[in-house]
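Commentary on secondary and tertiary structure
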2 protein chains.
Amino acid sequence: MELFEGVIKGDQRAIARAISIVESDSIEAAVLIKQLFLKSGHAIIVGITGAPGVGKSTLVDRLAAEWRRVDNRVGILAVDPTSPFSGGAILGDRVRMQAHTADDGVYVRSMATRGQLGGLAHATSDAVVILDAAGHDVVVIETVGVGQGEVDIAKTADVSIVVTVPGAGDDVQTLKAGIMEIGDIFVVNKTDYAGADRTAGEIKAMLGLQEFSESAWKPPVLMTQASTGEGVLDVLEAISQFDTQKTDKRDRRLTRARSRLLGILRDTFIERLEVGGKSGEALSNAVKEISEGLVDPYTAAEQIMGKLQ
Amino acid sequence: MELFEGVIKGDQRAIARAISIVESDSIEAAVLIKQLFLKSGHAIIVGITGAPGVGKSTLVDRLAAEWRRVDNRVGILAVDPTSPFSGGAILGDRVRMQAHTADDGVYVRSMATRGQLGGLAHATSDAVVILDAAGHDVVVIETVGVGQGEVDIAKTADVSIVVTVPGAGDDVQTLKAGIMEIGDIFVVNKTDYAGADRTAGEIKAMLGLQEFSESAWKPPVLMTQASTGEGVLDVLEAISQFDTQKTDKRDRRLTRARSRLLGILRDTFIERLEVGGKSGEALSNAVKEISEGLVDPYTAAEQIMGKLQ
């Protein structure tokens, strides 16, 4: 309860503790999110994805500075399951927080998990609720767009920005499967490098292959040099333009709600199977029989589902 | 039935068609795997993971050539959700198949999906069953070890090999979260590059931080130059040494059986919810209410689960 009050007031220590709770995926997490959820729904959720080294963090920091200029509070979740497990992520947080150290209107947090990727997606989704309920006007989910799982996380944002750099590798190669489809806004960062126009042209050409209806949003391809701040205002402008497309926003929130609800239902179902005396036993017997080649997993699943009815 | 017979006989066109069926995740897939599963369980399943460009494919091709020398049939599944969706993966198959073109003892296939990563993991798992039932003695799952999801796929193999290169980036940075933990065998490839010994030393130092029981397998760190074939026999030797550790193999197969069974159960549960008249309606109402902030996802999930009992 105390924790709930702390989060609602925007206290950074309470927020940090709340996020740690959802990361550990305890029963406490469900209790907390139940309380906080109805206080959420005001923030705009911005997903930013791109390969390591394209300058995502620099761009996010520049955007955060602009949002602060108009007195918006900003929460940043850096999701990077590829960061080394030596605690590098937390060190990164400290370095980044220093830039905003005198400013409690910006909160930066890395999301990590020792478990499966599904757990990370759930924890991130709950952390968004926490930052939203804590009164942040903008919540940024920054993901390394290298695995499909990370792309799935970015996809649930209100608006998704895909960041790339000129001629990184084979140009088109840098835009991975799935990433083209999730971008509402494309940014070619580091325009001081050679080939920025060509890269932007290639993205436009790829977008040209997709079909957009007359009224649909057509993703702009913007050029930035985040290190100097060049072009950052254009990105900001595109975000607010996209945000006024009410239909897209509603659809996006339905997608997010659905993905979260199904995730909880799947987990709950398996938990109940595992803790149930009879079903738990049936489950471990089935696992053993499958591993020994005595029954195929589809038939075993049918048998377990059959017993439940 | 005809397809089943074709796969069992090892006919490459039948195998290709069977894998396409499990990729599309239809009801046909379940029917097919039910038939094939009991014919599987003989192959050793080798997972090979590493960042793009470390030379995984070259190493796999060298290993395949050695296996062919002792008349083992080899199936290779290349899982790369980061490959561009321009059909590059399939082109890659063709190039790689040419090396073994006169030899129907080697089958190479890229695994791709337009859907979520979970779907790819399931399809890969079913494709392993197909290649196994088709009489391959070794099935290689080659994954790009950049996302946690891909790491999860590699983890279900009988033996997991992690490939890296000297001084790629910040050395330790190249060994991502989770990857250190899944490696049964580590390979530093491209030893003609500077710093191979240092990289091997760093991996050994990181392994030294982990605790191994007296009897447990201690992952070796091997050096290869896959392009010339140097060190490839050591990798082969380590694979067969690991494969004789019966306890590990049984545990690994239990893990794989469990992950597959739970995956099917989760999907089946959600499918039944969705198609059920009442539950389907409850589900879409809940999604709508969550998206409008009227109810939190945990409470909504409890209500839906409650109605099922």
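This is a predicted model, so every value here is computed, not measured.

The rules we used
Residues numbered from 1 in each chain as written. Chains lettered and ligands numbered in written order. Predicted model: local features only at pLDDT ≥ 70, side-chain atom pairs only at ≥ 80, totals over all residues. Helix = DSSP H or I, 4+ residues; strand = E, 2+ residues; numbered from the N terminus. Buried ≥ 20, exposed ≤ 12 C-beta atoms within 10 Å, placed from the backbone. Contact = placed C-beta atoms within 7 Å. Pairing = 2+ DSSP bridges. Axes fitted to C-alpha atoms, helices over the stretch in contact; angles between N-to-C directions. Expected span 1.5 Å × (residues − 1). Arc of directions from axis to C-beta. Right-handed = clockwise from strand over helix to strand, strands pointing away. Core = buried A, V, L, I, M, F, W, Y, C linked by C-beta atoms within 7 Å. Parallel < 35°, antiparallel > 145°, perpendicular 65-115°, else oblique. Left-handed = near helix turned anticlockwise from the far one by under 90°. pLDDT = per-residue confidence, 0-100.

Comments concerning the overall build of chain A
When helices and strands are counted, chain A shows 13 helices and seven strands. The buried share of chain A, reckoned over its 309 residues, is 49%. Counting only contacts in chain A whose residues sit at least 6 apart along the sequence, the fraction spanning at least 24 positions is 72%.

Some thoughts on the sheet that holds strand S7 (residues 221-223) of chain A
Residues and elements named next belong to chain A. Strand order across the open sheet formed by seven strands is S3-S2-S4-S1-S5-S6-S7, with parallel pairing between neighbours. Unpaired on one side and paired on the other, strand S3 (106-111) and S7 mark the two borders of the sheet. Going from strand to strand, the sheet's axes swing by 20 degrees on average, the running direction of each strand aside. Sheet strands touched by helix H9 (residues 196-209): strand S5 (159-164), strand S6 (185-188) and S7. Its angle to S7, the strand with the most contacts, is close to 170 degrees.

What to know about helix H10 (residues 232-243) of chain A
Residues and elements named next belong to chain A. Compared with an ideal rise of 1.5 Å per residue, which puts twelve residues at 16 Å, H10 spans 17 Å between its outermost C-alpha atoms and is within 8% of the ideal. The complete set of buried residues in H10 reads Val-232, Val-235, Ala-238 and Phe-242. Angular distribution of buried residues about the axis of H10 spans 120 degrees; they occupy a single face of the element. When the buried face of H10 is taken as reference, the exposed residues oriented beyond 90 degrees from it are Glu-237 and Ser-240. Residues of H10 that are buried in the fold lie against helix H4 (56-69), S5, S6 and S7.

Some remarks on H4(A)
Over its 14 residues, H4(A) runs 20 Å from end to end, which matches the ideal 20 Å to within 8%, given 1.5 Å per residue. Within the sequence span of H4(A), burial applies to Lys56(A), Leu59(A), Val60(A), Arg62(A), Leu63(A), Ala64(A) and Trp67(A).

Observations regarding the sheet that holds strand S6 (residues 185-188) of chain B
Residue and element names in this part refer to chain B. The seven strands lie next to each other as S3-S2-S4-S1-S5-S6-S7, forming an open sheet whose pairing is parallel. If you trace the sheet from one side to the other, it starts and ends with strand S3 (106-111) and strand S7 (221-223), each paired once. Ignoring strand direction, the axes of neighbouring strands in this sheet form an average angle of 20 degrees. Sheet topology note: the strand S2 (residues 74-79)/S3 ladder contains six bridges and is parallel. The partner of Leu-77 across the bridge, within S3, is Arg-109. Helix H9 (residues 196-208) rests against strand S5 (159-164), S6 and S7 of the sheet, and its axis sits at about 170 degrees to S7.

Some points on the pairing of S6(A)
The side chains of a regular strand alternate between both faces of the sheet. Residues Ile185(A) and Val187(A) of S6(A) are buried on one face, and the alternating residues Phe186(A) and Val188(A), pointing to the opposite face, are buried as well. The parallel pair S6(A) and S7(A) is bridged by H9(A), and the resulting crossover is right-handed.

Focus on the nonpolar core
Leu77(A), Ile130(A), Val140(A), Leu77(B), Ile130(B) and Val140(B) are the most contacted members of the largest nonpolar core, which totals 164 residues. Those residues in contact with Ile130(B) that lie beyond four places of it in its chain are Val7(B), Ile15(B), Ala18(B), Ile19(B), Val22(B) and Leu36(B).

A short note on the environment of Ile21(B)
Residues and elements named next belong to chain B. Within the secondary structure, Ile-21 sits in helix H2 (residues 12-24). Each C-alpha atom, one on Ile-21 and one on Val-108, is 16 Å from the other, the two residues being 87 residues apart in sequence. If we ignore the near neighbours within four places in the chain, the residues touching Ile-21 are Ser-26, Glu-28, Ala-29 and Leu-32.

A look at the pairing of S2(B)
Residue and element names in this part refer to chain B. Buried residues dominate S2, accounting for six of its six residues. Residues Val-74, Ile-76 and Ala-78 of S2 are buried on one face, and the alternating residues Gly-75, Leu-77 and Val-79, pointing to the opposite face, are buried as well. Inspection of the sheet shows S2 paired to strand S4 (residues 138-144) by six bridges, in the parallel sense. Bridge pairing links Ala-78 to Glu-142 in S4.

Let's talk about unusual backbone geometry
All names here are of chain A. Here the phi dihedral of Asp-71 falls at roughly 65 degrees; this positive angle occurs in a residue that is not glycine. Its location among the elements puts Asp-71 in the loop between H4 and strand S2 (74-79). A count of 8 C-beta atoms within 10 Å places Asp-71 in the exposed class. In this model, Lys-190 sits at a positive phi of 60 degrees, which is unusual for a non-glycine residue. Residue position: Lys-190 is located in the loop between S6 and H9. Judged by local crowding, Lys-190 falls into the buried class, with 22 C-beta atoms found within 10 Å.

Examining the environment of Val144(A)
Secondary-structure assignment places Val144(A) in strand S4 (residues 138-144). With 23 C-beta atoms counted inside 10 Å, the residue Val144(A) sits in the buried group.

Topic: the packing of helix H1 (residues 2-9) of chain B against H2(B)
The packing of two helices is summarised by the inter-axis angle and the distance between the axes. Residue and element names in this part refer to chain B. Put simply, H1 and H2 touch, their axes get as near as 7 Å, and they point 120 degrees apart. By the angle between their directions, the pair H1 and H2 is classed as oblique. In this structure, H1 crosses over H2, and the sense of that crossing is left-handed. Facing Leu-3, Gly-6 and Val-7 of H1, the residues of H2 in contact are Ala-14, Ile-15, Arg-17 and Ala-18.

Here we look at the packing of helix H4 (residues 56-69) of chain B against helix H10 (residues 232-243) of chain B
Residue and element names in this part refer to chain B. The geometry of H4 relative to H10 is characterised by a closest axis approach of 10 Å and an angle of 70 degrees between their N-to-C directions. Compared by their axis directions, H4 and H10 come out roughly perpendicular. Every pair of crossing elements has a handedness; the one defined by H4 and H10 is right-handed. Facing Arg-62, Leu-63 and Glu-66 of H4, the residues of H10 in contact are Val-232, Val-235 and Leu-236.

Points about the confidence of the model for chain A
Residues and elements named next belong to chain A. Mean pLDDT for chain A: 83, with 81% of residues reaching 70 or above. Of all the helices and strands in chain A, helix H5 (residues 88-99) carries the lowest mean pLDDT, 51, while S7 carries the highest, 96. Considering only residues more than four positions removed or in separate chains, one finds that residues 83-91, a stretch of pLDDT under 50, has 13 contacts. Two summary scores accompany this predicted model of the complex, namely pTM at 0.78 and ipTM at 0.84.

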